Amino acid sequence: MSENNVSTEAGRRCGFVAILGPTNAGKSTLVNALVGAKVAIVSHKVQTTRAPIRGIAMEGDSQIVFIDTAGIFNPKRRLDRAMVDAAWGGLEDADAVLLVLDAAASLGEDVEGIVERLKSVRMPKIVVLNKIDRVEDKPKLLELAKTLDERLSPDRIFMISALEGKGVKDLLTYLAGVVPKGPWHYSEDDVTDVPMRTQAAEMTRESIYRFLHQELPYTTTVETTDWKTLKDGSARVEQTIYVERDGQKKIVLGKGGETIKKISSAARHGIEEMAGHRIHLFLFVKVRENWESDPERYREMGLPFPKS
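Predicted model only: the values in this text are computed from it and were never measured. (Residues numbered from 1 in each chain as written. Predicted model: local features only at pLDDT ≥ 70, side-chain atom pairs only at ≥ 80, totals over all residues. Heavy atoms only, no water.)

Draft legend 1. Molecular detail of the pattern of salt bridges. A full pass over the atoms with the stated rule returns 13 salt bridges. In this structure, K261 engages E258 in a salt bridge whose closest nitrogen and oxygen atoms are separated by 3.9 Å. Linking K261 with E258, this pair stays in helix 9 (residues 258–275), spanning three residues, or about one helical turn. A salt bridge links R268 to E272; the nearest nitrogen and oxygen atoms lie 3.6 Å apart. (Salt bridge = Lys/Arg side-chain N within 4 Å of Asp/Glu carboxyl O. Helix = DSSP H or I, 4+ residues; strand = E, 2+ residues; numbered from the N terminus.)

Draft legend 2. Focus on the nonpolar core. Of all hydrophobic cores here, the largest spans 25 residues; its most connected members are L30, I64, F66, L98, I126, V128 and L171. If you list the elements that add at least two residues to this core, you get strand 1 (13–20), helix 2 (27–35), strand 3 (62–68), strand 4 (96–102), strand 5 (125–130) and helix 6 (168–178). Apart from the residues within four sequence positions on either side, L171 is in contact with L30, L34, L98, I126, V128 and F158. Ranked by size, the runner-up nonpolar core spans 24 residues in total, among them L20, W88, A94 and V121. (Core = buried A, V, L, I, M, F, W, Y, C linked by side-chain atoms within 4.5 Å. Buried < 20%, exposed > 50% of the residue type's maximum accessible area, 1.4 Å probe, protein only. Contact = heavy atoms within 4.5 Å.)

Draft legend 3. Region of interest: the sheet that holds strand 2 (residues 53–59). With mixed pairing, the six strands of this open sheet are ordered in space as 2-3-1-4-5-6. The sheet terminates laterally at strand 2 and strand 6 (156–159), the two strands that pair on one side only. Recorded for the sheet is a direction-independent mean angle of 25° between the axes of neighbouring strands. With seven bridges connecting them, strand 2 and strand 3 associate as antiparallel partners. Looking at strand 3, one finds that G55 is bridged to F66. Strand contacts of helix 4 (residues 109–118): strand 1, strand 4 and strand 5, with the helix running at about 160° to strand 4, the strand carrying the most contacts. (Pairing = 2+ DSSP bridges. Axes fitted to C-alpha atoms, helices over the stretch in contact; angles between N-to-C directions.)

Draft legend 4. Quick peek at the environment of S28. Along the polypeptide, S28 turns up in helix 2. For S28, a relative accessible area of 11% corresponds to the buried category.

Draft legend 5. Up close: the sheet that holds strand 8 (residues 235–243). If you walk across this open sheet you meet the three strands as 7-8-9, and the pairing is mixed. Looking at strand neighbours, the two that pair on one side only are strand 7 (221–229) and strand 9 (279–287), the edges of this open sheet. Strand-to-strand twist of the sheet, defined as the mean angle between neighbouring strand axes without regard to direction, takes the value 20°. Alignment of strand 7 against strand 8, held across eight bridges, turns out to be antiparallel. Looking at the pairing, V222 lines up with I241 of strand 8. Here helix 8 (residues 246–253) sits on the sheet in contact with strand 8 and strand 9, set at roughly 155° to strand 9.

Draft legend 6. Quick peek at unusual backbone geometry. Phi is positive for N24, which is not a glycine, with a value near 60°. Topologically, N24 is positioned in the loop between strand 1 and helix 2. The backbone phi angle of S153 is positive, close to 50°, even though this residue is not glycine. For S153, the location among the structural elements is in the loop between helix 5 (138–152) and strand 6.

Draft legend 7. Just helix 9, in detail. The end-to-end C-alpha distance of helix 9 is 26 Å, a good match for the 26 Å that 18 residues give at a rise of 1.5 Å each. Of the residues making up helix 9, those classed as buried are T259, I260, I263, S264, A266, A267, I271, E272 and A275. Close packing links the buried residues of helix 9 with helix 7 (196–211), strand 7, strand 8, helix 8 and strand 9. Positive phi shows up at G276, right after helix 9, with a value of about 80°. (Expected span 1.5 Å × (residues − 1).)

Draft legend 8. Focus on the pairing of strand 2. Most of strand 2 is tucked away: five of the seven residues are buried. Linking strand 2 to strand 3, which pair antiparallel, is a turn of two residues; within it G60 sits at a positive phi near 65°.

Draft legend 9. Quick look at the pairing of strand 3. The element strand 3 is extensively covered by neighbouring structure, given that seven of its seven residues are classed as buried. Judged by which residues are buried, strand 3 turns out to be covered on both faces: S62, I64, F66 and D68 on one side and Q63, V65 and I67 on the other are all buried. As paired elements, strand 1 and strand 3 share seven bridges and run parallel to each other. Bridge pairing in strand 3 links C14 to Q63.

Draft legend 10. Region of interest: the side chain of E272. One can find E272 in helix 9. Residue class for E272 comes out buried when judged on its relative accessible area of 18%. Side-chain polar atoms of E272 contact the backbone nitrogen of I279, separated by 3.0 Å. Residues contacting E272, with those up to four places away along its chain left out, are H277, R278 and I279. (Polar contact = N/O pair within 3.5 Å; in protein donor to acceptor, adjacent residues only side chain to side chain.)

Draft legend 11. Main features of the packing of helix 7 against helix 9. One way to put it is that helix 7 packs onto helix 9 with a least axis distance of 8 Å and a crossing angle of 145°. As helix 7 packs across helix 9, the resulting crossing turns out to be right-handed. Each of M196, Q199, A200, M203, T204, S207, I208, R210 and F211 in helix 7 lies in contact with helix 9, whose residues at this interface are K262, I263, A266, A267, G270, I271, M274 and A275. In the contact of helix 7 with helix 9, the residues fall into eleven nonpolar, four polar and two charged. (Left-handed = near helix turned anticlockwise from the far one by under 90°. Nonpolar A, V, L, I, M, F, W, Y, C, P; charged D, E, K, R; others polar.)

In structure tokens form, the structure reads like this:
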């Protein structure tokens, strides 16, 4: 090994950064912007992210592994509790935490609860006020930052627009210096450790929310049941969309199958971009009643199963 390689490895940094925040604060959009690739699905629907997703970014000699978690809110159903528990569980492996908030929204009960709980967390805490492009009252934005600084005493506060990319580079540069010295955990070309089959299922779920944002609950789930590479280099992919009631199945299919065709087309394009080759996507819709009480379903989604 050359002296240059030894020197480079000696200067490497690597660490995990948990991303927490209330629903629809733009956490997944921020992760995608920081990583420079789409690793987390994005939707206007609350609770789009379920299990923590790892996105990997390189900045200089630093490898930063972002743990994108579900939005934190007051859970009412078993699935809600599983997602919130998993979100807080993301802190267990973290070297730092980003609290991502919608700069255009007020500090509600959910945010107050998150701030209170983070006070006792002993690791670097960074507040990210996202969506500043939607804030016209700049003095109000400064007042929000001041309030958070007084209540949480974070190491830094950043004001960004993940959607427009404003301030994202500065945030990434700062985090590169926060993560501890140590060897990289992943190849420098990796952008996520999520299996391709899981990413493909998530892209189809994103397409479902895109076309049926109001009509379906976020409990709708997708599983990739088969992935076969064909002789011409393309792949045949089969996925099953699970809904809770027969009426929801009809909504997903649409009149004459029109809706499922739109979902399939949009999902296929996303999966092809990710996989780098042609995809033949076949979607099936099935009713799975009371799946929220089945521990196996939670394991498939990478979530803990709440006992009650």
